[in-house]
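# Descriptive analysis of the structure
Listed here are the chains, written in short residue letters.
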Amino acid sequence: MIEIDAIDGRLLRALARDATQSAGALGRRLGLSQPATWRRIRRLEAAGVIRGRQLRLDGEKLGFGVTVFLGVKLALRGRVSLEDFERAVTAIPEVQTVEHVLGLFDYRLRVVARDIPDFERVLRRRIMTLPGAGEVEANVLLSEERLPGPL
Amino acid sequence: MLDDEDRRLLRYWQAEPSLSQGELAERAGMTTGRATRRIVRMQELGIVQGVGAVIDWAALGYAVEVSLRVTLDKTQGNAFDAFLAEARKVPEVIEIQTFLGRVDVRLSIIARDMAHYQQIYRSRILGLPHISEIEALMHVARIKTSKGLPL
C-alpha cells in the first residue's frame, strides 16, 4: 500500500476519466511539470494503483441492449469444485465479469445480451448447464454510474 | 452500422486498451490512416466513449468491498431520486446501479477494513432515505474482470 497526496488523487481522477491524456497536458492542469507528472504516474502504476486501462464502449449502440446481473448459488456444495465452475463460467463470452462473493449467493455475474430472447438463450444453454449451478436470481440493469470514490 | 473491419479494431482495442492507433492498425492488418479514420468515426457516433484507467482500490488500502442490494419503499413517489441523490454524496460509494427485478438499487462500497465498513454502514448508509430492505454481499475475489463485449 502506498501513501498518496491530494495531487495524486486528482491525477487518478483525471486518468480514470481519460487515460489517453499526455503527461504534459495533465501536468498543465495540475500545475506540475511534464517530468514530475510522468514520475507520479509511473509510481502509481508500479504500486499497482492503476491496474490497467479499459476501453469504454456504448453497448447499446453495438447491439447489446440488455445487461443482466445474475446471483448464482452453487448446488451440492462440496461435491462440485469451485475451479470447475469458475473455469466454465469464465469461458462464456457473454459473461463479462465474475465475482466470488459471500452472502446470499456464491457468485455474481454480469451478462450482456442482444435482447431478452438472446439473454434467455444464454441463461438456458450456458448458465443453467454450468457444473454445480443451482439457484439463480436475475436483475436487469436499468442504469449505471461510476463515481470517483474517496480521492 | 459497423462492418467487420470496425469490429476487428474494437476487438483488438478491447483486449489491449493501451495500444496506440499505429499498433492497433498493425494488429488489425490495415494502414494507420485507415484505422484512425474508422476510430474517429466510431468516436463521433458515440460507440467509442474513451479509455479510462482502472483503479485498484485494494492497492490504496481499501481492502474491503461490499455490494449492498437495496430495496426501496416505492410507496414514496420520489424514493429513487431521493435515495440516489443522497447515495452519491457518500465518498466510499464507487458504483450505483439500478435494476428491474427483486433488487432496486445496488451500491458498491469500499472500506479500509471491517471496522471502517461498519462505521460507513451505520453512519452513512442506514441513514439513506426510503430504504425498505438491505442485503450485503461481501466481495471475495474477482474471477473474470474483462468487461469486453462479445463482438
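Presented here is an overview of the structure given in this document.

About the criteria used
- Residues numbered from 1 in each chain as written.
- Chains lettered and ligands numbered in written order.
- Predicted model: local features only at pLDDT ≥ 70, side-chain atom pairs only at ≥ 80, totals over all residues.
- Heavy atoms only, no water.
- Helix = DSSP H or I, 4+ residues; strand = E, 2+ residues; numbered from the N terminus.
- Rg over C-alpha atoms; globule rule 2.2 N^0.38 Å.
- Contact = heavy atoms within 4.5 Å.
- Areas by Shrake-Rupley, 256 points an atom, 1.4 Å probe, with all protein chains shown as cover.
- Lys, Arg positive; Asp, Glu negative; His and termini not counted.
- Charge placed at Lys NZ, Arg CZ, Asp CG, Glu CD.
- Buried area = accessible area lost by both parts, 1.4 Å probe.
- Salt bridge = Lys/Arg side-chain N within 4 Å of Asp/Glu carboxyl O.
- Polar contact = N/O pair within 3.5 Å; in protein donor to acceptor, adjacent residues only side chain to side chain.
- Nonpolar A, V, L, I, M, F, W, Y, C, P; charged D, E, K, R; others polar.
- Pairing = 2+ DSSP bridges.
- Buried < 20%, exposed > 50% of the residue type's maximum accessible area, 1.4 Å probe, protein only.
- Phe/Tyr/Trp six-rings, centres within 6.5 Å; stacked < 30°, edge-to-face > 60°.
- Patch = residues over 30% accessible without salt bridge, like charges linked within 9 Å, V, L, I, M, F, W, Y side chains within 5 Å.
- Core = buried A, V, L, I, M, F, W, Y, C linked by side-chain atoms within 4.5 Å.

## Focus: the overall build of chain A
When helices and strands are counted, chain A shows five helices and five strands. For chain A, whose C-alpha radius of gyration is 20 Å, the value lies well above the compact-globule estimate of 15 Å for 151 residues. Of the contacts made within chain A by residues no fewer than 6 positions apart, 67% connect residues no fewer than 24 positions apart. When the accessible area of chain A is evaluated, it comes to approximately 7,800 Å², of which 51% is carbon and sulfur surface. One finds the centroid of the 25 positive side-chain charges in chain A at a distance of 6 Å from the centroid of its 20 negative side-chain charges.

## Section: the interface of chain A and chain B
Contacts between the two partners involve 61 residues from chain A and, on the opposite side, 60 residues from chain B. Between chain A and chain B, the buried area comes to about 5,600 Å², and carbon and sulfur atoms account for 59% of it. The largest per-residue losses of area from chain A upon contact with chain B belong to A:Arg51, A:Leu55 and A:Pro150, which jointly make up 12% of the total buried on that side. The tally of links between chain A and chain B comes to four salt bridges. Close ionic contact of B:Arg88 with A:Glu145 constitutes a salt bridge, the shortest N to O distance being 2.8 Å. There are 32 residue pairs in polar contact (both at pLDDT 80 or more) connecting chain A and chain B. Elements that contribute at least two residues to the side of chain A that touches chain B include exactly α1 (6–17), β1 (50–57), α4 (82–90), β3 (95–102), β4 (107–113) and β5 (133–146) of chain A. In terms of residue count, the dominant contributor to the side of chain A that touches chain B is β5(A) (nine residues). When grouped by side-chain class, the residues that make up the side of chain A that touches chain B number 32 nonpolar, 13 polar and 16 charged. Of the strand pairs in this sheet, β5(A) and strand β3 (residues 93–100) of chain B are connected by six bridges, and their pairing is antiparallel. Among the inter-strand pairings, A:Val140 is bridged to a residue of β3(B), identified as B:Leu100.

## Some words on the pattern of salt bridges
If you walk through the whole model with that rule in mind, you get 30 salt bridges over all chains. The residue A:Arg124 makes a salt bridge to A:Glu120 at a minimum N-O spacing of 2.9 Å. On the criterion of helical spacing, the pair formed by A:Arg124 and A:Glu120 is a turn pair, its members being four residues apart in helix α5 (residues 116–127). Here A:Arg124 falls in the exposed class, since its relative accessible area comes to 57%. A salt bridge links B:Arg27 to B:Glu16; the nearest nitrogen and oxygen atoms lie 2.4 Å apart. Here B:Arg27, found in helix α2 (residues 21–28), pairs with B:Glu16, found in the loop between α1 (4–15) and α2; they are eleven residues apart in sequence, far enough to count as distant. Bridged by salt links that share partners, the residues B:Asp3, B:Glu5, B:Asp6, B:Arg34, B:Arg38 and B:Arg41 form one connected network.

## Observations concerning the packing of aromatic side chains
All names here are of chain A. Scanning the model with the defined rule gives four aromatic pairs over all chains in all. Taking the centre distance of 4.7 Å and the plane angle of 35° together, the rings of phenylalanine 85 and tyrosine 107 count as tilted. Here the residue phenylalanine 85 occupies a position in helix α4, and tyrosine 107 occupies one in strand β4, the gap between them amounting to 22 residues. Overall, the relative accessible area of 0% leaves phenylalanine 85 in the buried class. Accessibility expressed as a relative area gives 0% for tyrosine 107, which makes it buried.

## Quick word on a positive patch on the surface
All names here are of chain A. There is a patch of like positive charges on the surface, built from Arg10, Arg13, Arg17 and Arg29. The element contributing the most residues to the positive patch is α1, with three residues. Assignment of secondary structure puts arginine 29 in helix α2 (residues 23–30). In this structure arginine 29 comes out as partly exposed when scored by relative accessible area, which is 48%.

## Quick notes on the environment of A:Arg53
Examined against the element boundaries, A:Arg53 turns out to sit in strand β1. Spatially, the C-alpha atom of A:Arg53 lies 28 Å from that of A:Asp115, the residues being 62 residues apart in sequence. If we ignore the near neighbours within four places in the chain, the residues touching A:Arg53 are A:Ala19, A:Glu45, B:Pro17, B:Ser18, B:Val51, B:Gly52, B:Ala53 and B:Val54. At 3.0 Å, the side chain of A:Arg53 forms a polar contact with the side chain of A:Glu45.

## Observations concerning the pairing of β3(A)
In terms of residue burial, β3(A) counts as a mostly covered element, since seven of its eight residues are buried. The hairpin formed by β3(A) and β4(A) contains four residues between the paired strands, and A:Gly103 there has a positive phi angle of roughly 140°. As paired elements, β3(A) and strand β5 (residues 131–144) of chain B share five bridges and run antiparallel to each other. Across the sheet, A:Val98 pairs through a bridge with B:Lys144, a residue of β5(B).

## Details of the nonpolar core
In this structure, A:Val49, A:Leu62, B:Leu9, B:Leu10 and B:Trp13 are the most contacted members of the largest nonpolar core, which totals 41 residues. Looking at this core, the elements that each hand over two or more residues are α1, α2, α3 (34–46) and β1 of chain A together with α1, α2, α3 (32–44) and β1 (48–55) of chain B. If sequence neighbours within four positions are ignored, A:Val49 has contacts with A:Ile2, A:Leu12, A:Leu44, B:Val54, B:Ile55, B:Asp56, B:Ala59 and B:Leu60. Formed by 21 residues, the second largest nonpolar core is a distinct cluster that contains B:Leu72, B:Val93, B:Ile109 and B:Ile120.

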